[in-house]
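Listed below are the residues making up each chain.
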Amino acid sequence: MRHALNAIARVLLCAAGFVIAIYGTLQLDGLKSLSFREVLHEPIFWLTVFGSVLTGIAFAVLQRPRASSGQAPQPVETVEARTEPRKDETSESPAEDGDKLSLVEVVGLAAGGVIGSGWLLAVPGLHESLGEAALLGWAAGGVLMLTIAVVMVEFGLISQRTGGLLFHPHDAFGPLVVIILAASLWISYAINPAAQAAAAVDGLAEVVPALAGPDGLTGTGSVLAVLVTAAIIAFVLLPRRLVLRTNAALTLVKIAIPVVLVVFLALAVPGPPATAGPVPGPTTTGVLSALITSGVIYAYIGFQAPLDVTGEVRGGPRAVARRVRWAVYGTVVGSFLLYSALQLVYAEHMASSGAEHGPSYARLTDSATLIGAPTDWLVVLVRLAAIIAPIGSGIVFTYALSREVYTLSAERYVPSVLHEPRASRLPGRRSDSFWLILLVNLVLALVVLVAVGGDWHALAVLNTIPILILYAVTCVVLAVRSELLGTGFQQLLPVAAYAAFVAIALVVNESAWDRVWKGVAVIAWGSLVLLVLPWLHHLRFPGLGWYDAKNHGARLFSRDPANRPFVVLAVYLAALTLLSAVRHRIGDDSVWSVWSLRGLVMIVASGAFVLLVGAGRRYLRQTQLTTTRP
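Residues numbered from 1 in each chain as written. Predicted model: local features only at pLDDT ≥ 70, side-chain atom pairs only at ≥ 80, totals over all residues. Heavy atoms only, no water.

A.B. asks: Would you mind showing me how to read the packing of aromatic side chains here?
C.D. replies: Aromatic ring pairs: the centre-centre distance and the angle between the two ring planes describe each pair. Enumeration over the complete set of coordinates arrives at nine aromatic pairs. A ring pair is formed by Trp138 and Tyr300, whose centres lie 5.8 Å apart and whose planes are at 75°; its orientation type is edge-to-face. Taken together, the positions of Trp138 in helix α7 (residues 134–156) and Tyr300 in helix α13 (residues 296–300) put the pair 162 residues apart, joining distant regions of the chain. Aromatic side chains Trp546 and Tyr547 sit 5.4 Å apart centroid to centroid with 70° between the ring planes, which places their arrangement in the edge-to-face category. Ring pairs connect the aromatic residues Tyr498, Phe501, Tyr572 and Phe609, which therefore count as one cluster. (Phe/Tyr/Trp six-rings, centres within 6.5 Å; stacked < 30°, edge-to-face > 60°. Helix = DSSP H or I, 4+ residues; strand = E, 2+ residues; numbered from the N terminus.)

This is how it looks when you write it as structure tokens:
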């Protein structure tokens with residue numbers, strides 16, 4: 001017990017120091033006009049210094065020896081010539097955490113990742129943006145997500161391995177592209193629990209108004225969001241079987257509540273009409289831009305969670321493929337049907353009320369009647385879903401991210417300290433490395449949560465843009481490794497991959513400029529960190545002796561075959577950002593200019609797709625990678 005309390009205290013000190021340092025840095029941003037001497041007299045400066053020192057000391061204390069095994073640490077080999085993980089790379093032993101994932105648990109990961117806060121906030125937002133054409137938004141997003149899902153699932157099943165979302169790009173492009181994708185995935189997945197926590201607190205604010213105001217969460221609400229984020233991440237430290245079964249139960253509840261809501265709102269009579277007002281009409285531009293702005297894409301993402309842990313699914317290759325297909329395809333199609341039904345009943349009640357801007361589901365159900373009786377009892381279910389659904393989705397993303405980071409550490413993209421087993425007193429685990437991974441993820445999530453002030457929409461955007469870039473590159477990987485595909489249906493997958501890649505470019509281009517540049521900026525900063533820190537470690541920079549990740553950045557100064565795919569992807573992201581800025585400048589005034597720009601975006605995306613495929617195949621030839629299809 002004493003050791004467990006000491007470990008918890010060290011973790012809390014590290015997290016507290018980091019939050020204090022970030023808070024102080026944000027406050028110092030307003031003091032830029034002061035001289036250095038004047039800054040020294042500001043208390044917030046010394047608070048920032050204190051937080052930074054506390055973080056450094058606490059993190060240094062965290063570096064405890066691993067669980068004694070009597071063996072020296074073995075060097076970790078690269079994955080450039082293998083497809084199956086070594087036995088010592090398995091994330092958890094079955095003896096400690098039970099058997100592999102069943103169909104119910106795989107479905108729980110897929111559906112649990114999708115059914116979160118998206119349907120609660122995207123349906124009213126989409127109605128406000130598109131009016132009666134809101135169903136077009138769900139249809140467009142559903143078609144795009146289903147196309148991406150088919151590409152990712154069918155190719156992901158070729159190598160049934162945990163961490164495949166990053167493992168396959170490593171084979172096709174080399175480690176430099178994986179740096180960009182690792183930053184995208186890590187940031188997107190780490191932000192998700194913070195976004196879901198903010199949504200849960202926002203839902204609770206309907207009962208406790210002091211938690212949120214017109215401008216977002218209040219100070220009390222932000223503190224509660226931080227605590228909920230920490231609770232979500234801490235929950236994943238429980239025995240894996242308990243986490244998965246709890247998530248499956250939560251997923252069942254999360255699906256049942258909106259289904260009940262649809263049925264009763266479809267039968268109920270809307271409340272008395274309010275003052276009539278114009279309903280916003282659809283525009284061609286609006287449908288595309290609403291996919292990200294209104295949270296449609298955000299509501300769909302999460303289906304890929306089973307692909308993060310394919311190596312943990314029960315059964316042989318065929319059984320695994322069957323379970324993953326049922327989980328992912330069923331989730332995408334089912335979520336489209338559920339979201340569309342919600343949008344229909346919502347629009348019906350909004351049209352009867354004559355309101356222009358959408359209220360919450362709770363206010364709709366509070367005013368409706370069924371067979372003359374009020375349906376205000378549905379308010380309880382809606383408010384319960386507004387808390388449970390986001391938390392459940394946050395658990396799924398946290399679980400999946402811990403496995404991806406574990407794989408990144410095993411391949412030395414990040415420090416090996418996140419991969420090494422350590423003595424653990426956690427229930428059901430004799431040795432464990434995930435607590436340290438989850439601590440890092442917690443710190444990252446809290447930093448972003450504090451930086452955006454608990455704004456769900458800002459968090460949703462930072463979550464969406466990086467994951468779309470990850471989806472796009474995964475589509476290119478399939479085209480690069482097309483020789484691994486079978487006959488028949490699989491031969492059409494490269495066409496679907498190309499279509500999805502171009503469609504993602506159009507969706508990003510139609511998004512609001514402030515959302516695009518922020519999303520690309522976090523990818524750039526994350527990539528820079530993953531490239532620079534190993535280089536500083538290689539230069540023996542003080543304080544970075546623990547950061548023993550491979551110095552992949554050194555490849556940029558050589559004739560390494562991994563350079564070309566990296567440069568092509570980086571230039572493409574820069575071009576996509578520039579085109580988004582142009583789209584922002586021209587607005588919707590000139591139809592000719594808008595469609596001309598869309599044509600240019602399609603040309604640029606098509607060119608990038610071809611160049612990336614060519615660069616990937618050249619990389620394969622030069623590295624002589626031999627991967628056989630199972």
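A.B. asks: When you look at unusual backbone geometry in this model, what are you seeing that I'm missing?
C.D. replies: Backbone phi values are negative for most residues with the exception of glycine, while trans is the configuration of most peptide bonds. If you check the backbone angles, Arg412 has positive phi at about 65° while not being a glycine. For Arg412, the location among the structural elements is in the loop between α17 (377–410) and β5 (422–423). Despite not being glycine, Arg540 has its phi angle at roughly 60°, a positive value. Following the sequence through the fold, Arg540 ends up in the loop between α21 (513–538) and α22 (563–586).

A.B. asks: In this structure, what is going on with helix α10 (residues 219–235)? I would like to understand it.
C.D. replies: Since the α-helix turns once every 3.6 residues, residues separated by three or four places project in the same direction. For α10, spanning 17 residues, the distance from its first C-alpha to its last is 24 Å, which sits close to the expected 24 Å at 1.5 Å a residue. Looking only at α10, the buried set comprises Gly221, Ala225, Val228, Thr229, Ile232 and Ile233. For α10, the angular spread of the buried residues around the axis is 130°, confining them to a single face. Of the exposed residues in α10, the ones pointing more than 90 degrees away from its buried face are Gly219, Thr220, Val223 and Leu227. (Expected span 1.5 Å × (residues − 1). Buried < 20%, exposed > 50% of the residue type's maximum accessible area, 1.4 Å probe, protein only. Arc of directions from axis to C-beta.)

A.B. asks: Can you walk me through a positive patch on the surface in this structure?
C.D. replies: On the surface, Arg559, Arg564, Arg617, Arg618 and Arg621 cluster together into a positively charged patch. Structurally, Arg621 can be placed in helix α23 (residues 591–623). Among the residues examined, Arg621 registers a relative accessible area of 59% and is labelled exposed. (Patch = residues over 30% accessible without salt bridge, like charges linked within 9 Å, V, L, I, M, F, W, Y side chains within 5 Å. Areas by Shrake-Rupley, 256 points an atom, 1.4 Å probe, with all protein chains shown as cover. Salt bridge = Lys/Arg side-chain N within 4 Å of Asp/Glu carboxyl O. Lys, Arg positive; Asp, Glu negative; His and termini not counted. Charge placed at Lys NZ, Arg CZ, Asp CG, Glu CD.)

A.B. asks: Just checking my understanding: could you explain the environment of Leu459 for this structure?
C.D. replies: Mapped onto the elements of the fold, Leu459 is located in helix α19 (residues 456–480). Its relative accessible area of 0% is what places Leu459 among the buried residues. In sequence terms Leu459 and Ala199 are 260 residues apart; their C-alpha atoms lie 9.9 Å from each other.

A.B. asks: Explanation requested: a nonpolar patch on the surface in the structure shown.
C.D. replies: Among the surface-exposed residues, Ile255, Val259, Val263 and Leu267 lie close enough to one another that they form a single nonpolar patch of about 320 Å² accessible area. Structurally, the position occupied by Val263 is in helix α11 (residues 240–267). Judged by relative accessible area, which is 42%, Val263 ranks as partly exposed.

A.B. asks: Sorry if this is basic, but what is going on with the side chain of Glu510 here?
C.D. replies: For Glu510, the position within the fold is in helix α20 (residues 493–510). In this structure the side chain of Glu510 is engaged in a polar contact, spanning 3.4 Å, whose partner is the side chain of Arg583. (Polar contact = N/O pair within 3.5 Å; in protein donor to acceptor, adjacent residues only side chain to side chain.)

A.B. asks: Please explain the nonpolar core as it appears in this structure.
C.D. replies: Looking at soluble globular proteins, one finds that nonpolar side chains tend to be buried together. Residues Met145, Phe303 and Tyr471 are the most contacted members of the largest nonpolar core, which totals 176 residues. Top element by residues in this core is helix α9 (residues 175–204). It accounts for 19 residues. With near-sequence residues (within four places) excluded, Tyr471 lies in contact with Met145, Ile148, Met152, Ile301, Gly302, Phe303, Gln304 and Ile504. (Core = buried A, V, L, I, M, F, W, Y, C linked by side-chain atoms within 4.5 Å. Contact = heavy atoms within 4.5 Å.)

A.B. asks: How do you make sense of the pattern of salt bridges when you look at a structure like this?
C.D. replies: Pairing is possible between side chains of opposite charge, provided their charged atoms come close. Evaluated as defined, the whole model comprises six salt bridges. In this structure, the salt-bridge partner of Arg241 is Glu105, at a minimum N-O distance of 2.2 Å. Pair noted here: Arg241 is in helix α11 and Glu105 is in helix α5 (residues 103–114), with a separation of 136 residues, a long-range link. Classification of Arg241 by relative accessible area gives buried; the value is 13%. On the basis of relative accessible area, Glu105 is assigned to the buried category, the value being 5%. With a closest N to O distance of 3.4 Å, Glu510 and Arg583 form a salt bridge. Linking Glu510 in helix α20 with Arg583 in helix α22, this pair joins segments that are 73 residues apart in sequence. Comparing Glu510 with Arg583, the two get one shared label, buried. It is possible to trace a salt-bridge network through shared partners that takes in Glu510, Arg583 and Arg598.

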